[in-house]
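Descriptive structure summary
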Protein chains: 4
Amino acid sequence: MARIGVLTGGGDCPGLNAVIRAVVRKGVADGHELVGYRYGWAGLLERDAEPLTVESTKGILPRGGTILGSSRTNPYKKDGGGTEAVRAGMAAFDVDVLVPIGGEDTLGVAARLAADGVPVVGVPKTIDNDLKGTDYTFGFQTAVQIATDAVDRLHTTAESHNRVMVLEVMGRHAGFIAAHAGMAGGGDVILVPERPFDIEVVCDHLRRRHAHGRTFSIVVVSEGAVPQEGTLTTSGEAGRLDAFGHERLGGIAVTLESEIERRTGYETRMTILGHVQRGGTPTAFDRVLATRFGVAAAEAVTAQQSGVMVALRGTDIVTVPISEALGDPKTLDDKFFADAEVFFG
Amino acid sequence: MARIGVLTGGGDCPGLNAVIRAVVRKGVADGHELVGYRYGWAGLLERDAEPLTVESTKGILPRGGTILGSSRTNPYKKDGGGTEAVRAGMAAFDVDVLVPIGGEDTLGVAARLAADGVPVVGVPKTIDNDLKGTDYTFGFQTAVQIATDAVDRLHTTAESHNRVMVLEVMGRHAGFIAAHAGMAGGGDVILVPERPFDIEVVCDHLRRRHAHGRTFSIVVVSEGAVPQEGTLTTSGEAGRLDAFGHERLGGIAVTLESEIERRTGYETRMTILGHVQRGGTPTAFDRVLATRFGVAAAEAVTAQQSGVMVALRGTDIVTVPISEALGDPKTLDDKFFADAEVFFG
Amino acid sequence: MARIGVLTGGGDCPGLNAVIRAVVRKGVADGHELVGYRYGWAGLLERDAEPLTVESTKGILPRGGTILGSSRTNPYKKDGGGTEAVRAGMAAFDVDVLVPIGGEDTLGVAARLAADGVPVVGVPKTIDNDLKGTDYTFGFQTAVQIATDAVDRLHTTAESHNRVMVLEVMGRHAGFIAAHAGMAGGGDVILVPERPFDIEVVCDHLRRRHAHGRTFSIVVVSEGAVPQEGTLTTSGEAGRLDAFGHERLGGIAVTLESEIERRTGYETRMTILGHVQRGGTPTAFDRVLATRFGVAAAEAVTAQQSGVMVALRGTDIVTVPISEALGDPKTLDDKFFADAEVFFG
Amino acid sequence: MARIGVLTGGGDCPGLNAVIRAVVRKGVADGHELVGYRYGWAGLLERDAEPLTVESTKGILPRGGTILGSSRTNPYKKDGGGTEAVRAGMAAFDVDVLVPIGGEDTLGVAARLAADGVPVVGVPKTIDNDLKGTDYTFGFQTAVQIATDAVDRLHTTAESHNRVMVLEVMGRHAGFIAAHAGMAGGGDVILVPERPFDIEVVCDHLRRRHAHGRTFSIVVVSEGAVPQEGTLTTSGEAGRLDAFGHERLGGIAVTLESEIERRTGYETRMTILGHVQRGGTPTAFDRVLATRFGVAAAEAVTAQQSGVMVALRGTDIVTVPISEALGDPKTLDDKFFADAEVFFG
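In every chain, residue numbers begin from 1 and rise along the written sequence. Labels are handed out in written order, letters beginning with A for the chains and numbers beginning with 1 for the ligands. Local features in this predicted model are restricted to residues whose pLDDT is 70 or higher, and side-chain atom pairs enter the listing and the counts only when it is 80 or higher, whereas totals over whole chains, interfaces and linings include all residues. For the side-chain quantities, the full set of heavy atoms in the structure was used; hydrogens and water were omitted.

1. Description of the overall build of chain A
As a reminder, the rule being used: Think of it this way: any DSSP run of H or I at least four residues long counts as a helix, any run of E at least two long counts as a strand, and we number them from the N terminus. For the radius of gyration, the atoms used are the C-alpha atoms, and the globule rule reads 2.2 Å times the number of residues raised to 0.38. The classification of residues rests on relative accessible area computed with a 1.4 Å probe and restricted to protein chains. Under 20% of the type maximum is buried, over 50% is exposed, and intermediate values are partly exposed. Whether two residues are in contact is decided by their heavy atoms, any of which lying within 4.5 Å being enough. Only the protein chains shown count as cover for residues, and all accessible areas are computed by the Shrake-Rupley method using a 1.4 Å probe.
From N to C terminus, chain A includes 10 helices and 11 strands. Here the C-alpha atoms of chain A give a radius of gyration of 22 Å, agreeing with the 20 Å that 2.2 N^0.38 yields for 345 residues. Going through the 345 residues of chain A one by one, you find that 66% of them count as buried. Contacts in chain A between residues far apart in sequence, at least 24 positions, make up 73% of those at least 6 positions apart. Here chain A displays about 10,800 Å² of accessible surface, and carbon together with sulfur accounts for 48% of that area.

Take a look at the structure:
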């Protein structure tokens, strides 16, 4: 029997609550007790925690967000206190083992803690699906579904007019959401971070489509898509930073809207989905994945594993060293993009 | 027995196809024949039309867009040829009576034609719900539902963080979509064209909410919302025109995102729904309304009415003089807005 | 300033929580205090209540069900104790005025209480839309939307095969849901309680459709639809009672599935939506209607009205005597059904 | 360059049109020509086919059903004519290679044709997900999503009352849909074909839940779930056959509704989703899977493979011998069911 400390770090992702609920249910079934730290690693550093029970996690399965709150606090940054501070935060609640649910940053902390001897089982989380070591992460399919619904709606409105529709979706370093939603919705151009674009090539493609009788086009673009160096001098909006030094959503679509219209003369309109993609109830796929991740994390604790994270491989949930998820982000497979390109034009 | 010419003018609106199908089905049942003009009034001027039959309108009920296409062509503008050109376009297809489906511009043409003796029965259409003479127009509820779904999703993501979410919805001259979606989704601030806003009042309201322990806020803003004169000097984006002289979507949210963040220090993120609100399948409410409008339009033709449009009054579909819809746009009722304000703060 | 006692009676209806929240928010804004009785009138008789505050009703707007619980307890039945018992239940919590949210039974109690001098403002509720005195009730559009989504899905599967699809929807005494969803989804036959059906007429209609080349048909049927006397001797399932003496869902579709297949030889399949129609988040339309009802109920209390209920008339919320909702249920308008019939065949 | 004959066999499945479109687009890109046989193998036997082009498959990606129609015709049954008849049907349209999209029956024919030297590349299809050789089939996630949405809605209505909700979903021989939707929606009992149930064990479980303060329960049941021998003598409805000898939907829920209510005294209500699960637009996941299957099938033709089918393995699309999909159906993994059971009670 152990006392398990659960926390969620980084940006929102549909399915976080489903993971929390599943860790608790399986953890309790296996004889453990559970504590939830509030606001990610900050809860450990600031000793802000609450008991997690079957009762307190009832009804949260379908809900977006995270009942524990989240933050970008990192114990190894800015006087965070490092491993010792985390150990103290564990001791304050008699916690033996941690189950952090998070992305590259959170898992990086987890790996370092494990290396220092702190028992840790990680749960990978990224809405962009850009973590290595797992086939998919929860939340990603939900974002793809929301973006696909938007492409579907844009299709019918665009059909009635002579237009270009630009849809900006999430994806800072990887174009999975854009490529999947573009393929699922039948987008005509897909722009992803992995492939810097030449605006004139994009416009030529649109012009060719129109010359062949297509009267509208849909451009699906990742927020992190960037022009090839020197090809788009007005791209000041792309990659702009906000007051907190975070990259800003909404840049590239603004640029594309005006550039495409200016260069082709086609009426161009943008949609920026923004955080709509991060919120709300997860799809059934993501709820199942998140639930199985949570169950597997509790099982790994019971099996006294550490330094591992749960992962999807085919139809199985397995554990892999956390290190597999670290380093460069996972990026879009060339074959997948080639398959999507079949439908351009 | 008459030959009825149907056309759709102006911007897309979910439910246009449902109206077309219903005019055809009821028209045929009443012994009429039907012709569809392509691309609005342009089809009359350019003699571009096709027969509309029960068979050719099968399966279109749930589909967004309009099978007839649309345009902003106005026979009374730019050498359009006026009433005589319309008469010639009718004669070319042996059309006796017109059923134009459209907004203020289309209905204005309809009224002028009726005054000149052309038999016309109009069907009012505006996604913004800003036409007088009818309780609601089809498409509006669909847009409200899409915007409400977005507010719902923003709620859960915002809850986990300390944030302001800005959601820009349609509504150039009237704030119906923003007010309805804001009320339906539980928005914390609603900005509409009818009430120019003071950015500092907005920010103060957000600060007060946070001082009272709220950790997030959702601002629902109509695309046509404008700052009070002199209160927001950086509002250059609002109301900007595109290459075709149309007002541009997406301006005000960009401004609000940066201004709110700059002034309050709260992390602020925007979503711009754009044409997603105009496309896709109509809600059941809008399908029923559009279908009843179409049936009633055919009935008005059978009854040899002219110069009228169909309208919703309570639970009934009636006909009213087209002139009732013309003139100033319908704007948001003070009482409705006051009801929405109960939930601010 | 008053203390308002709120309760919800009868079956579930999406929007109940939105009404509760709105009564509380507007009530508090007007200086009142609020108490929620649990499980309808039972909460008064058994003195089971809780304070309702802005805080305790936060986040409930989009949720199905009712946070207060519901029951079919009636103080005027089975030793309920009548008006005096209700007065005692009010006194126990210092409640001055009641806001019961419910259907014919609940409103009947409300009217009797008002007649006995108890201050009461009612809020009408019926998912079937069969209450007089108001254009629509909240929850109805949500049920129609869910049923319409089902018709849409049945359409595509039916198209590929030679089939009849039977969809059973709610509606014990009135066919509003069936008629609206049938019109919105493009049903080919609509069977409602108001018009007892002849199974052979139904089968003949299906045979005629197939003879004209249609390869599938969708039959939308209210749970309360009944065969004409003597026309369907195997209809034992229809109207069967459950162990609690309530009419049973799911009867008529079972009968129609086997009878249509037996008589026509067409492969026939049923869907019974059941309580799926009563649960889950309300549509935007119903959230707005429910919210406005709640606000108006609080306003009526402030205005010291009694014996009235809130009601929708056109685009306005008004108050009308509760008695307007009592007596025979509202049934489907002949004109509406005639409009739906245009699309049969 | 080849002429590829495409056909769809067996029951509907969301994503069939996406596969057809993708085979066509990639086939044309690779220099092939395409022909679509109507109504499955019947199109070959009756020489009913049409050219499939990029133009003729435009816009079908999001649509349910199959533009080619389907049937259960099997060339090896009832004077079908066997391999020679299929060869003749290919020759009639100069078809070199077949791409049949279907389930166990269709793929069985494909394997036999390949053994006889007919070039064939199969695409596996089963909404129940019960085919071996591939991680998932398209359509399955869509059915799971629809069923999960229903569980979500039942949750809120059930919460307000003291009730048992029985939801019958698809799954004749395998409980994948019930288990996934049950896990995703938080069902309290899941009954699947792989595990014959004892009605008294089910009722005891429900009684225990209620004794522990739960006031409602949701039972998710596969249409093919069966009682343990001798445990439910009134189960005559389960497994009943229709006029065509097909097993009937809707049996087991009818039985469970009355048996649970009779034995526990809890008010019990059923929902039977039926073909709603087979129709309508596919989820984004299924559109991507179906599209990739179609692209891979065209690639396999180009690579002159035969006797293979496309399959999902992890994140990759591969080809495997068709024989891998034949034989016993794939059934639910014990570990998956055990994970779902964690949340019962």
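2. Some thoughts on the pattern of salt bridges
The criterion, for reference: The salt bridge criterion pairs a side-chain nitrogen of Lys or Arg with a carboxyl oxygen of Asp or Glu, the two atoms within 4 Å.
Summed over all chains, the structure comprises 88 salt bridges over all chains. In this structure, D:Glu261 engages D:Arg269 in a salt bridge whose closest nitrogen and oxygen atoms are separated by 3.8 Å. Through salt bridges with shared partners, a single ionic network connects A:Glu200, A:Asp204, A:Arg207, A:Glu259, A:Arg262 and A:Arg263.

3. Re the sheet that holds strand β11 (residues 316-321) of chain B
Residue and element names in this part refer to chain B. This is how the line gets drawn: Being paired, for any two strands, means DSSP has found at least two bridges between them. Think of each axis as a best-fit line through the C-alpha atoms, taken over the contacting stretch in the case of a helix, with angles from 0 to 180 degrees between the N-to-C directions.
Taken in spatial order, the 7 strands of this open sheet run β3-β2-β1-β4-β5-β10-β11, and their pairing is mixed. Two strands in the sheet have a free side with no partner beyond their single neighbour: β3 (49-52) and β11. Ignoring strand direction, the axes of neighbouring strands in this sheet form an average angle of 30°. Bridge count between strand β4 (residues 97-102) and strand β5 (residues 121-124): 2 bridges; the pairing is parallel. Residue pairing in the sheet places Ile 101 in a bridge with Val 123 of β5.

4. So, the packing of aromatic side chains
What counts, and what does not: Pairs were defined over the aromatic rings of Phe, Tyr and Trp, the Trp ring being its six-membered one, requiring ring centres within 6.5 Å. Orientation was assigned from the angle between planes: stacked under 30 degrees, edge-to-face over 60, tilted for the rest. In this scheme, Lys NZ or Arg CZ marks a charge over a ring once it lies within 6 Å of the ring centre and within 35 degrees of the ring normal.
Applying the stated criterion to the full structure yields 26 aromatic pairs over all chains. Measuring from ring centre to ring centre gives 6.4 Å for A:Phe337 and A:Phe344, while their planes differ by 85°; the resulting arrangement is edge-to-face. Residue A:Phe337 shares its accessibility class with A:Phe344, and that shared class is buried. Each residue in the set A:Tyr136, A:Phe140, A:Phe176, A:Phe285, D:Tyr136, D:Phe140, D:Phe176 and D:Phe285 is aromatic and connected to the rest through ring pairs, giving one cluster. In this structure, C:Lys330 packs its charged tip against the face of C:Phe176, placed 5.7 Å from the ring centre. Between the NZ or CZ atom of D:Arg112 and the centre of the ring of D:Tyr76, over which it lies, the distance is 3.9 Å.

5. Looking at the sheet that holds strand β4 (residues 97-102) of chain C
Residue and element names in this part refer to chain C. One open sheet accounts for 7 strands, arranged β3-β2-β1-β4-β5-β10-β11; its pairing is mixed. If you trace the sheet from one side to the other, it starts and ends with β3 (49-52) and β11 (316-321), each paired once. Between one strand and the next, the sheet's axes are offset by a mean angle of 30°, whatever the strand orientation. Strand direction decides the pairing type here: strand β2 (residues 33-37) and β3, joined by 4 bridges, are antiparallel. Its bridge partner being in β3, Tyr 37 is matched across the sheet by Ala 49. Packing against the sheet, helix α4 (residues 104-115) makes contact with β1 (3-8), β4, β5 (121-124) and β10 (308-313), and its axis sits at approximately 155° to β4.

6. Quick notes on the pairing of strand β9 (residues 267-272) of chain B
Residues and elements named next belong to chain B. Most of β9 is tucked away, with 6 of its 6 residues classed as buried. Residues Glu 267, Arg 269 and Thr 271 point to one face of β9 and Thr 268, Met 270 and Ile 272 to the other, with burial holding for every one of them. In the sheet, strand β6 (residues 163-169) pairs with β9 via 6 bridges, with the strands oriented parallel. The residue of β9 that forms the bridge with Glu 168 is Ile 272.

7. A word on the domain arrangement of chain A
Residues and elements named next belong to chain A. For clarity, the threshold we go by: The domain boundaries here were taken from an automatic or database domain assignment. When two parts are put together, the accessible area they lose, computed with a 1.4 Å probe and summed over both, is reported as buried area.
When cut into domains, chain A gives domain 1 (3-139 + 282-325) and domain 2 (141-279). Taking the mean C-alpha position of each, domain 1 and domain 2 sit 33 Å from one another. Between domain 1 and domain 2, the residue contacts involve 15 residues of the former and 16 residues of the latter. Both sides of the domain 1 and domain 2 interface together cover about 1,200 Å² of buried area, and 57% of this is carbon and sulfur.

8. Structural notes on the environment of C:Arg38
Residue and element names in this part refer to chain C. The cut-off we apply is this: Two N or O atoms count as a polar contact when they lie within 3.5 Å, although within protein this holds only if one can serve as hydrogen donor and the other as acceptor, and sequence-adjacent residues are included solely when both atoms are side-chain atoms.
Here Arg 38 is to be found in the loop between β2 and α2 (41-45). The class for Arg 38 is partly exposed, based on a relative accessible area of 28%. Apart from the residues lying within four places of it in its own chain, the contact partners of Arg 38 are Gly 43, Asp 48, Ala 49, Glu 50 and Leu 68. Within the structure, the side chain of Arg 38 is placed 3.5 Å from the side chain of Glu 50, a separation counted as a polar contact.

9. Things to note about the packing of helix α7 (residues 199-211) of chain C against helix α8 (residues 251-264) of chain C
Residues and elements named next belong to chain C. Counted only if it meets this: The labels follow the angle: roughly parallel below 35 degrees, roughly antiparallel above 145, roughly perpendicular from 65 to 115, and oblique for the rest. Two helices cross in a left-handed way if the nearer one is turned anticlockwise from the farther one by less than a right angle. They cross in a right-handed way if the turn is clockwise. Residues are grouped as follows: nonpolar covers Ala, Val, Leu, Ile, Met, Phe, Trp, Tyr, Cys and Pro; charged covers Asp, Glu, Lys and Arg; every other residue, Gly included, is treated as polar.
Interaxial distance between α7 and α8 falls to 10 Å at its minimum, and their mutual angle equals 60°. By the angle between their directions, the pair α7 and α8 is classed as oblique. Pair α7 / α8 crosses with right-handed handedness. Residues Ile 199, Glu 200, Cys 203, Leu 206 and Arg 207 of α7 lie in contact with α8, whose contacting residues are Leu 256, Glu 259, Ile 260, Arg 263 and Thr 264. Grouping the constituent residues of the contact of α7 with α8 by class yields 5 nonpolar, 1 polar and 4 charged.

10. Brief notes about the side chain of C:Asp188
Residues and elements named next belong to chain C. Looking at the element boundaries, Asp 188 is found in the loop between α6 (176-185) and β7 (189-191). You can call Asp 188 buried: its relative accessible area is 7%. Among the polar contacts made by the side chain of Asp 188, one reaches the main-chain amide nitrogen of Ile 218 at a distance of 2.8 Å.

11. Overview of the packing of helix α10 (residues 334-341) of chain A against helix α9 (residues 284-302) of chain D
Where α10(A) meets α9(D), the closest approach of the two axes is 10 Å, and the angle between their N-to-C directions is 90°. As the angle between them shows, α10(A) and α9(D) are arranged roughly perpendicular. In this structure, α10(A) contributes A:Lys335, A:Phe336 and A:Asp339 to the contact, and α9(D) contributes D:Val288, D:Arg292, D:Val295 and D:Glu299. For the contact of α10(A) with α9(D), the residue count by class is 3 nonpolar, no polar and 4 charged.

12. Quick look at the environment of C:Val95
Residue and element names in this part refer to chain C. Along the polypeptide, Val 95 turns up in the loop between α3 (82-91) and β4. Residue classification places Val 95 among the buried positions, given a relative accessible area of 7%. Considered as a pair, Val 95 and Ala 22 are 73 residues apart in the sequence and their alpha carbons are 18 Å apart. The residues touching Val 95, leaving out its near neighbours within four places in the chain, are Arg 3, Ile 4, Gly 5, Val 35, Tyr 37 and Met 90.

13. Examining the pairing of strand β4 (residues 97-102) of chain D
Residues and elements named next belong to chain D. To keep it simple, the criterion reads: Orient the strands so they point away from the viewer, and a crossover whose first-strand-to-second-strand path over the helix runs clockwise is right-handed.
Within β4, 6 of the 6 residues are buried, which leaves the element mostly enclosed by the surrounding structure. Covered by surrounding structure in β4 are Val 97, Val 99 and Ile 101 together with Leu 98, Pro 100 and Gly 102, the residues of both alternating faces. In this structure, strand β1 (residues 3-8) lies alongside β4, joined through 5 bridges in parallel fashion. Along β4, the bridge assignment pairs Val 6 with Val 99. Viewed along the sheet, the connection from β4 through helix α4 (residues 104-115) into strand β5 (residues 121-124) turns out right-handed.

14. A short note on the confidence of the model for chain A
Residues and elements named next belong to chain A. Filter applied, for reference: Residue-level confidence of the predictor is what pLDDT reports, using numbers from 0 through 100.
For chain A, the mean per-residue pLDDT works out to 92, and 94% of the residues sit at or above 70. Note that pLDDT drops below 50 for residues 234-249; the model gives that stretch 42 contacts with residues more than four away or on any other chain. For this predicted complex, the interface confidence score (ipTM) comes to 0.94, while the overall pTM stands at 0.95.

15. Digging into helix α1 (residues 16-29) of chain B
All names here are of chain B. Test applied: Here the expected length of a helix is defined as 1.5 Å per residue gap, with one fewer gap than residues.
Given a rise of 1.5 Å per residue, 14 residues ought to cover 20 Å, and the 20 Å separating the end C-alpha atoms of α1 matches this to within 8%. With respect to burial, α1 is a largely interior element, 12 of its 14 residues being buried. Within the span of α1, buried status applies to Leu 16, Asn 17, Ala 18, Val 19, Ile 20, Arg 21, Ala 22, Val 23, Val 24, Arg 25, Lys 26 and Gly 27. Along its buried surface, α1 packs onto β1 (3-8), β2 (33-37), β3, β4, β5 and α9 (284-302). With its phi angle positive at about 95°, Gly 31 sits one or two positions after the end of α1.

16. Focus: α6(C)
An α-helix turns once per 3.6 residues; consequently, residues spaced three or four apart project the same way. Residues and elements named next belong to chain C. Buried residues dominate α6, accounting for 10 of its 10 residues. Taken together, the buried positions of α6 are Phe 176, Ile 177, Ala 178, Ala 179, His 180, Ala 181, Gly 182, Met 183, Ala 184 and Gly 185. Backbone geometry just downstream of α6 places Gly 186 in the positive-phi region, at approximately 80°.

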